[in-house]
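Summary of structural features
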Amino acid sequence: MLKKGDFAYMVLRLSLISIAFLLTLLVNVSFNGLPAFQQTYINLEANLDEDILGVTSNSNDKEFLQGSYSKAIKASLKMLFSNVKDRGRTIKH
């Protein structure tokens, strides 16, 4: 049979164990989620050709700002990764 003091000791012990598990879970989730807060940068040479951007040499500043820069970036990425044929394919090193 449990005494009054034994029950309080058991509750304290189980509370400390549960707090330890919660702290372990919190630390584990924090360290595994840390890479989500990091950024990766690449240097990419892009050809800003008039035909790709959709502007001419006579275009004004507003037209240059509205140019299709995403097409230039996509073309540069295609040139850099010309050996990739399928977007779902991964290259193993």
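1. Things to note about the overall build of the chain
Of the regular secondary structure elements, the chain holds four helices and zero strands. Helices (α) and strands (β) of the chain occur, in sequence order from the N terminus, as α-α-α-α. At 29 Å, the chain has a C-alpha radius of gyration far larger than the 12 Å of a compact globule built from 93 residues. Taken across its 93 residues, the chain has 6% of its residues classed as buried. Counting only carbon and sulfur atoms, one obtains 61% of the accessible surface of the chain, whose full area is about 9,200 Å². Charged side chains of the chain number 11 positive and 8 negative; the gap between the two group centres comes to 21 Å.

2. With respect to the environment of Asp49
Looking at the secondary structure, you find Asp49 in the loop between helix H1 (4–33) and helix H2 (50–53). Along the backbone, Asp49 and Ser18 are 31 residues apart, and their C-alpha atoms lie at a distance of 63 Å.

3. Some details on the side chain of Ser76
Structurally, Ser76 can be placed in helix H4 (residues 69–80). A distance of 3.3 Å separates a polar side-chain atom of Ser76 from the backbone oxygen of Glu45. With residues up to four places along the chain from it excluded, the contact list for Ser76 reads Leu44, Glu45, Ala46 and Asn47.

4. Focus on the confidence of the model for the chain
Interpreting fine coordinate detail is not advised for predicted regions of low pLDDT. Looking at the chain, pLDDT values average 82 and 90% of them are 70 or higher. Put simply, helix H3 (residues 61–65) is where the chain has its lowest mean pLDDT, 76, and H1 is where it has its highest, 92.

5. Comments concerning the environment of Pro35
Tracing the chain through its elements places Pro35 in the loop between H1 and H2. Spatially, the C-alpha atom of Pro35 lies 42 Å from that of Ala8, the residues being 27 residues apart in sequence.

6. Structural notes on the environment of Asn60
Summarising the element assignment, Asn60 is placed in the loop between H2 and H3. On the basis of relative accessibility, which here comes to 43%, the residue Asn60 falls in the partly exposed class. Considered as a pair, Asn60 and Ala75 are 15 residues apart in the sequence and their alpha carbons are 24 Å apart.

Cut-offs and rules
Here the residue numbering is sequential within each chain, running from 1 through the sequence in written order. Since the coordinates come from a predicted model, pLDDT governs what is reported: local features require at least 70, and pairs of side-chain atoms require 80 or more to be given and counted, while whole-chain, interface and lining totals use all residues. Heavy atoms throughout the structure, all of them, feed into the side-chain values; hydrogens and water do not. Working definition: helices are DSSP H or I runs of at least four residues, strands are E runs of at least two. Numbering for both runs from the N terminus. With the radius of gyration taken over C-alpha atoms, the globule rule is written as 2.2 Å times the number of residues to the power 0.38. Accessible area is worked out with a 1.4 Å probe on protein chains only. A residue is then buried under 20% of its type maximum, exposed over 50%, and partly exposed in between. Here the accessible surface of atoms and residues is derived via Shrake-Rupley with a 1.4 Å probe, and residues count as covered only by protein chains that are part of the display. Counted as positive: Lys and Arg. Counted as negative: Asp and Glu. His and the chain ends are not counted at all. Each charge is placed at NZ for Lys, CZ for Arg, CG for Asp and CD for Glu. Identification of polar contacts relies on pairs of N or O atoms within 3.5 Å, with a donor-acceptor requirement for protein atoms, meaning one able to donate a hydrogen and the other able to accept it, and with residues adjacent in sequence counted only if both atoms are side-chain atoms. In this analysis, two residues are considered to be in contact whenever any of their non-hydrogen atoms come within 4.5 Å of each other. What pLDDT reports is the predictor's confidence in each residue, on a scale of 0 through 100.

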